[in-house]
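# Residue-level structure breakdown
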Amino acid sequence: MSEGADLVGQAMARFAAARLWAAHRAPYLATAVFALNPVVLEPYLDDRTGRPVPDVEFRAFPADTRWNVHVDTGTALATPVEEIGWWLLHQVGHLVRAHAERSPAAEAHRWNQAADAEINDDLEAEGLLGPAGVISPAALGLPPNRMAEEYVPMLDVLAEAVGKGGRELSEAVDCGSAADGVTRGYEGSGGGLGDLDRELLERSVAAGIQERIGARSEVPSGWRRWAEERLRPEVDWRARLRAVIRRGLSSAAGRVDFSYRRPSRRAGAHPEIVAPAMVSPVPGVAVVVDTSGSVTEPRLDRLVTELTGILNGVAGRNRRLRVICCDVAAHPVQEVRRAADVRLVGGGGTDMRAGLAAATALRPRPDLVIVLTDGQTPWPERRVAADVVVCLIGEDGHAPEWAATVRVPKEDRS
Amino acid sequence: MSSQSAVREAVAVAIAANLPVILWGAPGTGKTSSVLALGARLGLPVEVVVGSIREPSDFSGLPVLRDGGTWFAPPRWAERLAAAGHGLLFLDELTTAPPAVQAAMLRVVLERTVGDLTLPDEVRIVAAANPPDQAADGWDLSAPLANRLIHLHWQVEAADIAEGFATGFAVPEPAPAPSPAAVARARALVGAFLRVRPELVLAVPDSPERAGRGWPSPRSWEMAARAVAACEHGMAARAVAAREHGMAARTSATGEDGEAASTFAAGEGGKISEDVVAELVLGAVGEAAGFELISWLRNLDLPDPQTLLTDRHAPLPDRVDRLYAVLGAVVSHVLADGSPQAWEQAWTVVARVARSAPDVAAGAARSLARGRPAGAALPHTMLELAPILRSAGLLR
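As annotated in an unreviewed UniProt entry, chain B carries the name AAA+ ATPase domain-containing protein and comes from Nonomuraea angiospora.

You'll find chain A entered in an unreviewed UniProt entry as Metal-dependent peptidase, with Nonomuraea angiospora given as the organism.

Given below as structure tokens:
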């Protein structure tokens, strides 16, 4: 059996050389590359020659989510060192981008290809071209720097077109459960990293990348973005809008008042004292919609619908909502119960000062005014007589400092 | 990233150390029942007070006329706790209570007073709440209240529930309270960390949805330090128990690295407890600051470059990525130093690393060789590493 042990030793030496190559070519990922834990699998020996045979299933050195990479001795001996190193960088990509968690349950193979596309364009940007037969967005004519979720439909279309010509999109390469989250039969023998280790490792890799950016070292843009998002996760704008609206309403709804119009629940306990009961006012909400030419109507429609959904959740169901459409002047107020009843009228330029003035002139005066706009408008210089929440559509506009602001993406990606 | 067993254990540790906690979790996932079970196991009387069905006067005291003055009579649950002298106050549905009731409940958590009555220090406070996006009429916690609680995310895993139905639900093991010495040591550690990262001492949350979670302030750092102490103490107590049961081998990691740092060595016995420390620290000071403290505590047991250069037997870390970090530190230390003597010493470290991880050693050797001071001879180790450098295509 000494020959087998010797073969494993040779395979590990190649693996170590590949790790060194990977750490040298992508120094910003060196920590991550060295954190990969090799698990050597029993070699599959040829009956006649007694030599290990590469197993095509392990071509990609498949990883699991505990940062174990599975090294098939035959494959390691037959693959050039540079190619092993390339696969290691590729697996690091799957791991830190949490492809296993993001994977949809169905279509694991297509997901693996899309995830490969998300990683490989960054590697290609570095001049690290993958081995023949792997997915490459550039070679397939797909746009770079997209998420795997976006590549899935593109690949579906391509696969259909290519399928008619009778050619496969790429060879079937299996990247293990790190790519799709489905546990494989060979997994489980390695120790690997726990949840906390993984979290700390990813954070230190991201911090290392940011340090390199600070020191003006070269880091590809895909990795810059990853590090930025990893350390400062973006808050879902819906959650933020909900929180801001809830806070705006609670300052009105929380104005719990005492009233002698109703007797206290506790009146029986101490008959000699007349205690007041508690009442709380129902907050009024007005929505000002920017209907100038610069905002598209379908987007506004969807936003108004989402807004009423959030208001139903926060302030109670089927509340009457006052909506004012505003371009250069404010249009007459519409009182609606459902978002579908809002008619969006207007066009041309914007002056939000008119819209806010119309909203605060409403009687009874609204406690919270929600403004949907792209922000290309003049604003009142001073705080208006109501809490104001501004939903800024797109990245360019600006909102006044005295209003709570939520940025909403121009295109709805989800 | 949190596992349910770690959260359960974190609750037990927090109750033992008398740290106020809030459990965030969906309705019907066993928050209340598991706190009740823990209270029963610890022999603490438990009072459950559900916020959403109470009035403000239930917390601020009912005004009664007596002897010509107004007394704020405390409710029965508060009197029972005060009479017992210790116990567990469980404030359920903290965020679904109306704002006026919430304001009254704050005072109980903040100042431990109910009407005219002050609760004894030995009364533990545990709160539970549904996350605002799950409760129809939920409110975010105000930043001052959020800062006084350790936030734990109560999640349920299907496997645990399935097993619970078959064999009964697990009750967390009661943990011992931390000793004053352990608290002092942990405070010193956290203090040392804050000296390195002073900007993390206080970071008032800037947006409403972040305000309702843990955030760093001197008060929450104090809670984090006590949590670290409680975990360390719990570890030691359990190690003693394990040794008594003849399982000494598993927990022998304690003596070598010495001091509090050994708690964070990734040894066999320390695994679970480190997750628990993480839960509590992250819950107290929030994710960004909490993870920095944890990784800083972890790096405490990495040997420093000067020690490695002078001591040939200084222990090296096992994990390859940490080995890479240590060797990187040695190389940059030596290159900054610039003396031929330090440079030659560094090669002995490289040679030691080369035995277990030739690729890590080879990378360091390249940078080291490039910074060769005048008059130093290229050592033999470089030749030994030549094959792997050639194999990786870095030597031509």
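Residues and elements named next belong to chain B. Overall, parallel pairing links the five strands, which are arranged S2-S5-S8-S1-S9 in an open sheet. The open sheet has two free edges, formed respectively by strand S2 (46-50) and strand S9 (150-153), since each of these has just one partner strand. Neighbour-to-neighbour, the strand axes of the sheet open up by a mean angle of 20°, direction not taken into account. Pairing analysis gives four bridges linking strand S1 (residues 21-24) to strand S8 (residues 123-129), with the strands arranged parallel. Counterpart to Leu23 in the pairing with S8 is Ala128. Sitting on the sheet, helix H1 (residues 4-16) is in contact with S1, strand S5 (87-92), S8 and S9, with an inclination near 155° to S9. Sheet contacts for helix H2 (residues 31-42): S1, S2, S5 and S8; angle to S5, the most-contacted strand, approximately 175°.

All names here are of chain A. Where helix H10 (residues 195-214) meets helix H11 (residues 221-231), the closest approach of the two axes is 9 Å, and the angle between their N-to-C directions is 125°. Considered as vectors, H10 and H11 are oriented oblique to each other. For the pair H10 and H11, the sense of crossing is left-handed. Of the residues in H11, those touching H10 at Glu199, Glu202, Arg203, Val205, Ala206, Ala207, Ile209, Gln210 and Ile213 are Trp223, Arg224, Trp226, Ala227, Glu228, Arg230 and Leu231. Among the residues making up the contact of H10 with H11, the classes are represented as nine nonpolar, one polar and six charged.

With that out of the way, let us pick up the environment of Gln102(B). Its place among the elements puts Gln102(B) in helix H5 (residues 99-111). For the pair Gln102(B) and Leu141(B), spaced 39 residues apart in sequence, the C-alpha to C-alpha distance is 9.0 Å.

For side chains bearing opposite charge, pairing can occur when the charged atoms are close. All names here are of chain A. All told, the structure shown has 26 salt bridges over all chains when counted by the stated rule. In this structure, the salt-bridge partner of Arg102 is Glu118, at a minimum N-O distance of 2.9 Å. Here the residue Arg102 occupies a position in helix H5 (residues 99-102), and Glu118 occupies one in helix H6 (residues 108-125), the gap between them amounting to 16 residues. We classify Glu118 as buried; its relative accessible area is 3%.

Let us look at the environment of Arg322(A). Residues and elements named next belong to chain A. Summarising the element assignment, Arg322 is placed in strand S6 (residues 321-326). With residues up to four places along the chain from it excluded, the contact list for Arg322 reads Gly284, Val285, Ala286, Val287, Val333, Gln334, Glu335, Leu362, Arg363, Pro364, Arg365 and Pro366. A distance of 2.8 Å separates a polar side-chain atom of Arg322 from the backbone oxygen of Pro364.

Put simply, side chains in a regular strand alternate between the two faces of the sheet. Residue and element names in this part refer to chain B. Of the two faces of S1, the one lined by Val21 and Leu23 and the one lined by Ile22 and Trp24 are each fully buried. Here S1 pairs with S9 via four bridges, running parallel. Paired with Leu23 across the two strands is Leu152, which belongs to S9.

Once that is clear, we can look at the confidence of the model for chain B. Residue and element names in this part refer to chain B. Residues of chain B with pLDDT of at least 70 account for 85%, and the chain-wide mean is 80. In the model, residues 246-272 has pLDDT below 50 throughout and makes 29 contacts with residues more than four positions away in sequence or in other chains. Scored as a complex, the prediction yields pTM 0.75 and ipTM 0.73.

A word on the packing of aromatic side chains. Residues and elements named next belong to chain B. Applying the stated criterion to the full structure yields nine aromatic pairs over all chains. Ring geometry for Phe193 and Trp296: centres 5.5 Å apart, planes at 55°, overall tilted. Here Phe193 is found in helix H8 (residues 180-196), whereas its partner Trp296 is found in helix H13 (residues 287-299), with 103 residues between them in sequence. Taking relative accessible area as the criterion, Phe193 reaches 1% and is therefore assigned buried.

Moving on to the packing of helix H15 (residues 320-337) of chain B against helix H17 (residues 358-370) of chain B. Residue and element names in this part refer to chain B. At a minimum axis separation of 10 Å, H15 and H17 run at an interaxial angle of 15°. Here H15 lies roughly parallel to H17, going by the angle between them. Our pair here, H15 against H17, has a crossing hand that is right-handed. On H17, the residues that touch Val320, Leu323, Tyr324, Leu327, Val331, Val334 and Leu335 of H15 are Val360, Ala361, Ala364, Ser367 and Leu368. Classifying every residue of the contact of H15 with H17 by side-chain character gives 11 nonpolar, one polar and no charged.

Time to look at unusual backbone geometry. Residue and element names in this part refer to chain A. With an omega of -5°, the peptide bond running from Arg363 to Pro364 counts as cis. You can see Pro364 is positioned in the loop between helix H14 (352-360) and strand S8 (368-373). Even without being glycine, Ala98 reaches a positive phi, approximately 50°. Of note, Ala98 is situated in the loop between helix H4 (81-96) and H5. Residue classification places Ala98 among the partly exposed positions, given a relative accessible area of 26%. Residue Arg216 is not a glycine yet carries a positive backbone phi of 60°. Within the secondary structure, Arg216 sits in the loop between H10 and H11. Here Arg216 falls in the exposed class, since its relative accessible area comes to 76%.

Rules used throughout
- Residue positions are counted from 1 within each chain, in the order its sequence is given.
- In the order they appear in the text, chains get letters beginning with A and ligands get numbers beginning with 1.
- In view of the model being predicted, local features appear only for residues whose pLDDT reaches at least 70, and side-chain atom pairs are presented and counted only at 80 or more, with totals across whole chains, interfaces and linings using the full set of residues.
- In computing side-chain properties, one takes all heavy atoms of the structure into account and sets aside hydrogens as well as water.
- For two strands to pair, DSSP has to find at least two bridges joining them.
- Only DSSP runs of H or I reaching four residues or more are called helices, and only runs of E reaching two or more are called strands; each is numbered from the N terminus.
- Orientation is described by axes fitted as lines to C-alpha atoms, over the contacting stretch for helices, and by angles from 0 to 180 degrees between their N-to-C directions.
- Here, two residues are considered to be in contact whenever any of their heavy atoms come within 4.5 Å of each other.
- Here is the rule for angles: anything less than 35 degrees is roughly parallel, anything more than 145 is roughly antiparallel, 65 through 115 is roughly perpendicular, and the remaining ranges are oblique.
- Crossings are assigned a handedness: left-handed for a near helix turned anticlockwise from the far helix by less than a right angle, right-handed for a clockwise turn.
- All residues other than Ala, Val, Leu, Ile, Met, Phe, Trp, Tyr, Cys, Pro, Asp, Glu, Lys and Arg, Gly among them, are scored as polar; the first ten of these are nonpolar and the last four charged.
- The salt bridge criterion pairs a side-chain nitrogen of Lys or Arg with a carboxyl oxygen of Asp or Glu, the two atoms within 4 Å.
- Throughout this description, buried means an accessible area under 20% of the type-specific maximum (1.4 Å probe, protein chains only), exposed means over 50%, and partly exposed covers the range between.
- Polar contacts, as counted here, are pairs of nitrogen or oxygen atoms within 3.5 Å of one another; within protein the pair requires one atom able to donate a hydrogen and one able to accept it, and residues that are adjacent in sequence qualify only if both atoms are side-chain atoms.
- The predictor rates its confidence in each residue with pLDDT, a number between 0 and 100.
- Centre distance within 6.5 Å is the pairing criterion for rings of Phe, Tyr and Trp, where only the six-membered ring of Trp is used; planes under 30 degrees apart are then read as stacked, over 60 as edge-to-face, and the remainder as tilted.

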